[in-house]
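Secondary and tertiary structure notes
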Amino acid sequence: MGGIALPGGCENGTVEPAQPADRVPADPTPPDGQPPLPPAAGRPTAAPDGGRVAKARSERSPKDMALSLLVLLVPIALLLAFYRGFLGGEQPTVVDAGPAYEQARAANAFPVTEPSGLGSGWRTVSASFRTVDDGANLRVGYLTPEGRGAQLVQSNVPPERLLPAELTAAGQPQGPADLGGASWQRYTGRGNEQALVLLEPNRTVIVVGDARDNELRELAGALR
């Protein structure tokens, strides 16, 4: 009676072991002249050099970072010191008001007076004389000893036009200010500014700015 073939290679009662399935090599070597195969999906790869650099950076101590910041700040501090100490940074530019006063006197449009006896803390930062459609204006700007702004305006422009232009339409008289016998009036101005106004037949004088009242009075009282 012939033997019965069984699965797995059994014949005549003898069981042969199953042959293992063919395995794919982990890193098959491509034939000569072929580019290498990419790594299999999910297989860990070696960290590039950039990974070691990033790790090294993350391990820097706060002291190292503070030293790096100090290296950047020192040149900036030196430049600021040079700018302020030698180039006069943040200092106002002082101008000579003499030419503006000379032009105003030469035009003979109105009587011109100039402050006299102001302390050394007063600095002239602007000065101009210009003719306009209905008159002429002499403007001299000052920086007060307290570091505030004040402007002296002398003009023959009619007051009904000059005052709204200089003090805004909201500028209103606030009462007299006795300064050397002249009839000065206190006025409100723009924002936090206040003004002293002297109305004369041939000219109007305005002292206006955000300076304190005592400094505005000092400037007005110095006019000669």
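Our subject is the structure listed above.
An account of the accompanying structure is given in this report. Please read these numbers as outputs of a predicted model, since none were measured by experiment. (Residues numbered from 1 in each chain as written. Predicted model: local features only at pLDDT ≥ 70, side-chain atom pairs only at ≥ 80, totals over all residues. Heavy atoms only, no water.)

What follows covers unusual backbone geometry. Even without glycine at this site, asparagine 108 takes up a positive phi of about 55°. With respect to the helices and strands, the residue asparagine 108 is situated in the loop between helix H3 (98–107) and strand S1 (123–132). Its identity is not glycine, yet threonine 168 carries a phi of approximately 75°, on the positive side. Note on placement: threonine 168 falls in the loop between helix H4 (159–167) and strand S4 (173–179). (Helix = DSSP H or I, 4+ residues; strand = E, 2+ residues; numbered from the N terminus.)

Tyr101, Leu138, Tyr142, Leu152, Trp184, Leu196 and Val207 are the most contacted members of the largest nonpolar core, which has 26 residues in total. Leaving out residues up to four positions away in the same chain, leucine 138 has contacts with Ala100, Tyr101, Ala104, Phe110, Val112, Ser128, Phe129, Leu152, Val153 and Gln154. (Core = buried A, V, L, I, M, F, W, Y, C linked by side-chain atoms within 4.5 Å. Buried < 20%, exposed > 50% of the residue type's maximum accessible area, 1.4 Å probe, protein only. Contact = heavy atoms within 4.5 Å.)

Across the sheet, which stays open at both edges, the 7 strands sit in the order S1-S2-S3-S7-S6-S5-S4 with antiparallel pairing between neighbours. With partners counted over all chains shown, the strands left at the sheet margins are S1 and S4, one partner each. The mean inter-strand angle of the sheet, taken between neighbouring strand axes irrespective of direction, is 20°. In the sheet, S4 pairs with strand S5 (residues 182–188) via 6 bridges, with the strands oriented antiparallel. Note on S5: the bridge partner recorded for leucine 179 is alanine 182. Set on the sheet, H3 makes contact with S1, strand S2 (135–143) and strand S3 (149–155); between it and S1 the angle comes to about 25°. (Pairing = 2+ DSSP bridges. Axes fitted to C-alpha atoms, helices over the stretch in contact; angles between N-to-C directions.)

The subject of this paragraph is the side chain of arginine 203. Its location among the elements puts arginine 203 in the loop between strand S6 (194–199) and strand S7 (204–209). You can call arginine 203 buried: its relative accessible area is 7%. Engagement of the side chain of arginine 203 in a polar contact is seen with the backbone oxygen of proline 111, the distance being 3.1 Å. Not counting residues up to four positions away in its chain, the partners in contact with arginine 203 are Phe110, Pro111, Val112, Thr113, Gln154, Ser155, Asn156 and Leu198. (Polar contact = N/O pair within 3.5 Å; in protein donor to acceptor, adjacent residues only side chain to side chain.)

What follows deals with the pairing of S5. Moving residue by residue along a regular strand, the side chains alternate between the two faces of the sheet. Counting the residues in the hairpin turn of S4 and S5 gives 2 residues, including glycine 180, whose phi is positive at 60°. In terms of strand pairing, S5 meets S6 through 5 bridges, oriented antiparallel. Bridging from a neighbouring strand, tryptophan 184 pairs with leucine 198 of S6. Taken together, S5 and the strand that follows it, S6, pair antiparallel across an intervening segment of 5 residues, in which glycine 191 is found at a positive phi of about 55°.

Moving on, we come to the packing of aromatic side chains. Pairs of aromatic rings are described using the distance from one ring centre to the other and the angle between the two planes. Following the criterion strictly, the structure yields 2 aromatic pairs and no others. Between phenylalanine 110 and phenylalanine 129, the ring centres sit 6.5 Å apart and the planes meet at 55°, which makes this aromatic pair tilted. Within this pair, whereas phenylalanine 110 is found in the loop between H3 and S1, its partner phenylalanine 129 is found in strand S1, the two being separated by 19 residues in sequence. (Phe/Tyr/Trp six-rings, centres within 6.5 Å; stacked < 30°, edge-to-face > 60°.)

A separate point is the pattern of salt bridges. Taken as a whole and judged by the stated rule, the model has 6 salt bridges. In this structure, the salt-bridge partner of aspartate 134 is arginine 161, at a minimum N-O distance of 3.6 Å. Of the two residues, aspartate 134 sits in the loop between S1 and S2 while arginine 161 sits in helix H4, which places them 27 residues apart along the sequence. In this structure aspartate 134 comes out as partly exposed when scored by relative accessible area, which is 32%. By relative accessible area, which is 48% here, arginine 161 ends up partly exposed. Its salt-bridge partner being glutamate 166, residue arginine 139 comes within 2.4 Å of it at the nearest N-O pair. Linking arginine 139 in strand S2 with glutamate 166 in helix H4, this pair joins segments that are 27 residues apart in sequence. Glutamate 166 gets classed as buried once you look at its relative accessible area, which sits at 9%. A cluster of three or more residues bridged by salt bridges with shared partners is formed by Glu146, Arg148 and Arg212. (Salt bridge = Lys/Arg side-chain N within 4 Å of Asp/Glu carboxyl O.)

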